Amino acid sequence: MQIAGKFILATTLALACGGRALARPVLLEHATVIDGTGAQALADTSILMDGGKIVGVGPHLSAPRDARRVDLTGRTVLPGLISDHSHVGQVSGTTNGSQNYTRANILAALRQYERYGVLTVTALGLNKSPLFDELRREQHAGRNPGADLFGVDQGIGAPDGVPPQSRFNLAPDEVFRPTTADEARAAVDRMADEGTDLIKLWVDDFRNGVPGAKPLPKMSPEVYRAAIAQAHLRGKRVAAHIHDLSDARALVAAGVDILAHGVRDQAVDVALIEDMEQHGTWYIATLDLDEANYIFAEHPEWLDDPFLSAGLDPALRAQFADPAWRAKTLSAPLTAASRKALAMNMHNLLALYRAGIHVGFGTDSGAMPTRIPGFAEHRELYLSVAAGLTPLQAISLATGNAAALLQLPDRGTIAPGRRADLLVVDGHPERDIGDMHRIAQVWQRGVMTDGPLTGAR
Ligand SMILES: [Zn+2]
């Protein structure tokens, strides 16, 4: 009878976990381990996983008799990557718009993130209720394949301003555009009532450094101060879209918790660094954002790289292969501005990192068709290293730091008790960040997922 009882319990647990049945314990052996804390890589280390969690890390672990053993000689294990700034349901192929905000499209993107080893995604605004809240709950419960999902419900933009409704083809219900402090507080309350993880503000005139570009109306300080105060009253932190140093400074002074883009118009100064230190403000550079405006026009040969192909929609592939599109993109004023913005963003990331500011990880992937889910995060790692971080530091941003920004102590590092969300790559990414493209396995909650990007470079 006891055995039957155990069997029933096990079946119930497996059913409770939906599509992903509980696996037997797994022992990953002889791996190099990058634990996500910034510590040096550990050679010849084992990781024991059970019940979806890491239960042991060390050189000589004893495993239960029924454990599956996986030899990872020559391979490196690191925590699953975490994006603090992405979007879902915005793009499909080469299109943007609210018609793309569907369950099927969002779940497909979350599966793509997973294949690239990005196992937690933060959709920072432009989301529709109640679908977003349903999907967050389902991903938290592991009910569908794909990355876990957090984020901001709609977010707060400026009337007739950013995020631009016509250019992004947004529906009115995807963003609040309050005109008064009262309306701003009401928007925060709506999102807080629906359980948003954070509040998002857009404070930018969207010139994007293009000479002669017409500025869009920017959110007033009265509105963003009211939103920040109300968010804090409701126990929610606020992430702000910014481009310019002056807006970054004003928002940090107003108590914003996260700068969700890098400062891209000029070098950060001591005043901003001191203010961020004092307030404990987090910073997300999103280097990939500006690069994605032109890089595919510059590198048509990347179309032959399976690491890109794996995440490339056919319509987008056709666009990248079109010489007319490439010529037009490369000569566009936005491309010159984006190159400058990227260089400044890289400079500022290094300056803030070295000053000891809390830096998270994000790309704004999924907001525009060329910010390709998963691929963008790997570009961000590459660009962070190009900016002057060591590969180990860049990986820490995308793992331990990114989890700390989200206040998720259950992931982002490899230690007993953490979720068994792991990425396995061939080679040594702590020496060559390019090895991050050599994805061999992706483990989510201790279960190996289908279809990682095997052996691509
Ligand atoms: Zn964004």
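Quick caveat, the model's predicted, so the values are computed rather than measured.

As for the domain arrangement of the protein
And step 1. Domains assigned within the protein are domain 1 (23-79 + 419-448) and domain 2 (81-294 + 332-405).
And step 2. For domain 1 and domain 2, the distance between their C-alpha centroids amounts to 30 Å.
And step 3. On the domain 2 side, the residues contacting the 24 residues of domain 1 number 23 residues.
And step 4. Here domain 1 and domain 2 share an interface that buries about 1,700 Å² over both sides, 67% of which is from carbon and sulfur atoms.
And step 5. Looking only at domain 1, the three residues that lose the most surface to domain 2 are Ile-433, Gln-444 and Arg-445, adding up to 31% of its buried area.
And step 6. Between domain 1 and domain 2 we count one salt bridge in total.
And step 7. Of the charged contacts, one joins Asp-148 and Arg-419 as a salt bridge, the two residues approaching to 3.8 Å between their closest N and O atoms.
And step 8. Taken together, the connections running from domain 1 to domain 2 amount to six residue pairs in polar contact (both at pLDDT 80 or more).
And step 9. Going through the elements one at a time, strand E5 (75-79), strand E16 (422-426) and strand E17 (439-444) are the ones with two or more residues in the side of domain 1 that touches domain 2.

Section: unusual backbone geometry
And step 1. Residues Ser-129 and Pro-130 are joined by a peptide bond in cis, for which omega reads 0°.
And step 2. When you line up the elements, Pro-130 lands in the loop between strand E9 (118-124) and helix H3 (131-140).
And step 3. Going from Val-162 to Pro-163, the amide bond is cis rather than trans, its omega being -5°.
And step 4. As for its position among the elements, Pro-163 is in the loop between strand E10 (148-152) and helix H4 (181-193).
And step 5. Non-glycine residue Asp-44 carries a positive phi angle of around 40°.
And step 6. With respect to the secondary-structure elements, Asp-44 resides in strand E2 (residues 42-50).
And step 7. Even without being a glycine, Asp-160 presents a positive backbone phi close to 60°.
And step 8. Its location among the elements puts Asp-160 in the loop between E10 and H4.

Reading guide: rules and limits
Residues numbered from 1 in each chain as written. Predicted model: local features only at pLDDT ≥ 70, side-chain atom pairs only at ≥ 80, totals over all residues. Heavy atoms only, no water. Domains from an automatic or database assignment. Contact = heavy atoms within 4.5 Å. Buried area = accessible area lost by both parts, 1.4 Å probe. Salt bridge = Lys/Arg side-chain N within 4 Å of Asp/Glu carboxyl O. Polar contact = N/O pair within 3.5 Å; in protein donor to acceptor, adjacent residues only side chain to side chain. Helix = DSSP H or I, 4+ residues; strand = E, 2+ residues; numbered from the N terminus.

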